[in-house]
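One-letter residues, chain by chain:
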Amino acid sequence: MKRTIVVVGTLLLGAGAVMAQQEIAVQQDNLMRSQAKSMYGVILKMTKGEIPYNQKAVDEAIANLEADVAKIAKTFEVNPKQDVVNATYGASQKVWQNKADFDSKIPPVQKAIADVKGKVKDVASLKAAYTSMNDRCSDCHETYRVKLK
């Protein structure tokens, strides 16, 4: 009877740990998706003319990026050691192997966002802003993001 309780308890603890790890991975994925929505779903599409220029949407996208980028270090504090089921991209294990370097990539993104905030007034300035911000995002993605499928 005691063995059964120990086995069941161990299984429940293991299942709980897996669920907690998956929750962390989902939080990380959701944060990156939120940034992608602002960067690519709004800003890039406007620069390409796929959606009409809308100053309010631009300002909201930049504000959302500013808020989301500030959450990266905290959100990626814990290594979930697994990826989100059916995700296209995931975090490389290099994030946690070289956390200081990973964290050092955040301030340049924040600076790029701060440098363009309030200065975008048309498609031309939006294109310049997109390039500036995306280049800093890519600095991190080249090393710390992996394509899963």
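Nothing here was measured: the structure is a model prediction, and the numbers come from that model. (Residues numbered from 1 in each chain as written. Predicted model: local features only at pLDDT ≥ 70, side-chain atom pairs only at ≥ 80, totals over all residues. Heavy atoms only, no water.)

Peer 1: Report on the packing of aromatic side chains, specifying residues and quantitative values.
Peer 2: Under the definition given, this model contains four aromatic pairs. An angle of 50° between the planes, with centres 5.6 Å apart, marks the rings of Phe76 and Phe102 as tilted. Taken as a pair, Phe76 in the loop between helix 3 (72-75) and strand 1 (89-91) and Phe102 in helix 5 (residues 99-104) lie far apart in primary sequence, 26 residues in all. For the residue pair Phe76 and Phe102, the accessibility class agrees, reading buried in each case. Chaining the aromatic ring pairs together yields one cluster made of Phe76, Trp96, Phe102 and Tyr144. Lying over the aromatic face of Tyr89, Arg145 brings its terminal NZ or CZ to 4.1 Å of the ring centre. (Phe/Tyr/Trp six-rings, centres within 6.5 Å; stacked < 30°, edge-to-face > 60°. Helix = DSSP H or I, 4+ residues; strand = E, 2+ residues; numbered from the N terminus. Buried < 20%, exposed > 50% of the residue type's maximum accessible area, 1.4 Å probe, protein only. Lys NZ or Arg CZ within 6 Å of the ring centre and 35° of its normal.)

Peer 1: For the pattern of salt bridges, give the residues involved together with the corresponding values.
Peer 2: Applying the stated criterion to the full structure yields seven salt bridges. Residue Lys71 pairs with Asp68 through a salt bridge whose shortest N-O separation is 3.8 Å. Its relative accessible area of 44% is what places Lys71 among the partly exposed residues. Classification of Asp68 by relative accessible area gives buried; the value is 7%. Note that Lys111 and Asp115 form a salt bridge whose closest N and O atoms lie 2.9 Å from each other. Here the residue Lys111 and the residue Asp115 both occupy positions in helix 6 (residues 106-116), the gap between them amounting to four residues, near one helical turn. (Salt bridge = Lys/Arg side-chain N within 4 Å of Asp/Glu carboxyl O.)

Peer 1: Please provide a residue-by-residue account of helix 6, values included.
Peer 2: Note on helix geometry: an α-helix contains 3.6 residues per turn, so any two residues three or four positions apart are oriented the same way. Within helix 6, burial applies to Ile106, Val109, Ala112, Ile113 and Val116. For helix 6, the buried positions fall inside an angular range of 125° around the axis, keeping them on one side. Buried positions along helix 6 lie against helix 2 (55-69), helix 3, helix 5 and helix 7 (123-144). Just beyond helix 6, the residue with positive phi is Gly118, at close to 80°. (Arc of directions from axis to C-beta. Contact = heavy atoms within 4.5 Å.)

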